[in-house]
Amino acid sequence: MPALRRFLPLILLLAALVAIWWSGTAGQISWAGLARNQTRLAAWVAWHPLLAGATYVGLYVVSTALSLPQAVLLTIAGGLLFGAVTGAALAVLGATAGATVLFLAAR
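Please read these numbers as outputs of a predicted model, since none were measured by experiment.

1. Digging into the packing of helix H5 (residues 71-82) against helix H6 (residues 84-106)
A pair of packed helices can be characterised by two numbers: the angle between their axes and the separation between those axes.
Link 1 in the chain: Packing of H5 against H6 brings their axes to within 7 Å, and their N-to-C directions diverge by 140°. Relative to H6, H5 is oriented oblique. For H5 against H6, the interelement crossing comes out right-handed. Counting all contacts with H5, which are made through Thr75, Gly78, Gly79 and Phe82, the residues of H6 involved are Ala84, Thr86, Gly87, Leu90 and Ala91.
Link 2 in the chain: The class makeup of the residues in the contact of H5 with H6 is four nonpolar, five polar and no charged.

2. Focus: the environment of Leu12
Link 1 in the chain: Structurally, Leu12 can be placed in helix H1 (residues 2-23).
Link 2 in the chain: By relative accessible area, Leu12 is classed as exposed at 51%.
Link 3 in the chain: With 83 residues separating them in the primary sequence, Leu12 and Ala95 have C-alpha atoms 19 Å apart.

3. Some words on helix H4 (residues 49-65)
Link 1 in the chain: Over its 17 residues, H4 extends 24 Å from the first C-alpha to the last, a length consistent with the 24 Å expected when each residue adds 1.5 Å.
Link 2 in the chain: Among the residues making up H4, those that are buried are Ala52, Gly53, Tyr56, Val57, Tyr60, Val61, Ser63, Thr64 and Ala65.
Link 3 in the chain: In the segment just after H4, Ser67 is the residue with positive phi, at about 55°.

What counts and what doesn't
- Residues numbered from 1 in each chain as written.
- Predicted model: local features only at pLDDT ≥ 70, side-chain atom pairs only at ≥ 80, totals over all residues.
- Heavy atoms only, no water.
- Axes fitted to C-alpha atoms, helices over the stretch in contact; angles between N-to-C directions.
- Helix = DSSP H or I, 4+ residues; strand = E, 2+ residues; numbered from the N terminus.
- Parallel < 35°, antiparallel > 145°, perpendicular 65-115°, else oblique.
- Left-handed = near helix turned anticlockwise from the far one by under 90°.
- Contact = heavy atoms within 4.5 Å.
- Nonpolar A, V, L, I, M, F, W, Y, C, P; charged D, E, K, R; others polar.
- Buried < 20%, exposed > 50% of the residue type's maximum accessible area, 1.4 Å probe, protein only.
- Expected span 1.5 Å × (residues − 1).

What follows is the structure in structure tokens.
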């Protein structure tokens, strides 16, 4: 039982990676998707700024923790949707939290 508890964070990260890959969600985050939905996303951010910021940071945490290659796209999207300073701050927050999650899972 202690061995299972020790590997539980790693098992959860792997399960999340498989679920995201299997669902096709990672493939939907693309440059074309960002260009296609930029107006709709910007309107949603304008209507729900706190929820949008929290959602963005959450997506960035998951992307970083699972080492998905979409982190670059998410960084650019943050700048487009929230502005350069706020988008950069949210990206740094999400990247730091995601790296911390990955570090704790690997530890």
